[in-house]
Amino acid sequence: MIIVLEPGITPEQRGALGDFLRARNADVREERAAQADLVVVTANPEGLTPEQVSGLAGVSRAVSDGQGFIHASRELHPEASVVRVKGVTVGGEAFLLAAGPCAVESKAQMELCAAAVKAAGGRVLRGGSFKPRTSPYSFQGLGAEGLRIHRAAADRHGLAMMSEVLDREDLNQVGEITDILQVGSRNMQNFPLLKALGRQSKPVLLKRGLAATREEFLLAAEYILSGGNPSVILCERGIRSFDPSLRNSLDLASVVLLKEMTHLPVLVDPSHATGQHRLVLPMARAAAVCGADGLLLEVHPEPGKALSDGPQAILPEELLRLSADLAALLPVVGRSFEVSA
Ligand code: PEP
Ligand code: MN
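Residues numbered from 1 in each chain as written. Chains lettered and ligands numbered in written order. Predicted model: local features only at pLDDT ≥ 70, side-chain atom pairs only at ≥ 80, totals over all residues. Heavy atoms only, no water.

A. Geometry of the coordination of the manganese ion (ligand 2). Coordination of the manganese ion (ligand 2) by the protein is provided by C102 (SG), H272 (NE2), E298 (OE) and D309 (OD), with metal-donor distances spanning 2.1 to 2.4 Å. One chain supplies every donor to the manganese ion (ligand 2), and in sequence these donors are spaced C-x169-H-x25-E-x10-D. One end of the pair, C102, is in the loop between β7 (96–100) and α3 (107–119); the other, E298, is in strand β14 (residues 294–298), and 196 residues separate them in sequence. By relative accessible area, E298 is classed as buried at 1%. (Donors = N, O, S within 2.8 Å, 3.2 Å for Na, K, Ca; no water. Helix = DSSP H or I, 4+ residues; strand = E, 2+ residues; numbered from the N terminus. Buried < 20%, exposed > 50% of the residue type's maximum accessible area, 1.4 Å probe, protein only.)

Given below as structure tokens:
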């Protein structure tokens, strides 16, 4: 249970609340959120209910654990949050273009990708060096060498770097070098990893699980936020559907819903959401006008030779074409996109 305290709670009321909880053998932890102090009940052996606590003096309200994405919700944080990293803002008025290959493969490939992202007005260079592949026989990523290649390409072009962290074991290595830590779909409910990311100071891009509800998605974000890291960016990347003709199904209504449910920025990844390069640009344009805060795209200079996710990679010239479309479309929905940024 989470107890939200009233802003004007007196020391006497705090004391009385503590006595009330202790008398019922509850264990508690105190936390600060942007707009209010919280008391989190971590052990509740006598089954105390939110109704029993809500009426107490100095308590604004109490909610059960299942409804508990209090840090992610707009309730305590009504304004949309803006995540800032290396001069890049995510959320707010400026629309973010983040792009790069699925996997870091070589210096030459990353140089071509970085130049393409920069030319298209992108601000973040993505690319995995630790890859979560469905088959153990598929390319697993270049590891530490990939991180170094990625960092150098991002720096050469003045881009921020985003790289996936698969495991708590890799967190120090990836966290030391990248600017944004990506948590993939398959790891959305890797709770030990999420807890460890709560102790990091770098922003985390959290992708929606293949079959996760929005509530599960926001509770996963809550792990990171409640652990003390305020910089979480959500990413819709398609969910599993019954129809095998597309890799996933892009849940665009979710962008609108999530923006109501949470203050966190929401990006859309139309590459993994469709799995087919022909569909990426139309879905990217749709995502931009439905209220997403930015796009995460896979681009490759030679998709036919890509070591992972080639069929969904767009070409550098397609990325450039998309950026012209974004510059024309985004002002219609009150956002800006500057190619020269
Ligand atoms: C990726 O971004 O390359 C990736 C593996 O994405 P997802 O976790 O959405 O499948
Ligand atoms: Mn990929």
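B. Expanded view of the nonpolar core. Core analysis: the largest hydrophobic core is formed by 63 residues, its most contacted members being L206 and L295. Here this core gets six residues from one element, more than from any other, and that element is helix α7 (residues 214–226). Listed in part, the 15 residues of the second largest apolar core include V85, V90, A160 and I233. (Core = buried A, V, L, I, M, F, W, Y, C linked by side-chain atoms within 4.5 Å.)

C. Highlighting the site of ligand 1. Lining the immediate environment of ligand 1, one finds 13 residues, of which R126, S185, R186, K207 and R237 sit closest. Relative to its unbound accessible area of 300 Å², ligand 1 is 97% covered by the protein chains. When the residues that make up the shell around ligand 1 are grouped by side-chain class, the tally is two nonpolar, four polar and seven charged. (Near = heavy atom within 4 Å. Areas by Shrake-Rupley, 256 points an atom, 1.4 Å probe, with all protein chains shown as cover. Nonpolar A, V, L, I, M, F, W, Y, C, P; charged D, E, K, R; others polar.)

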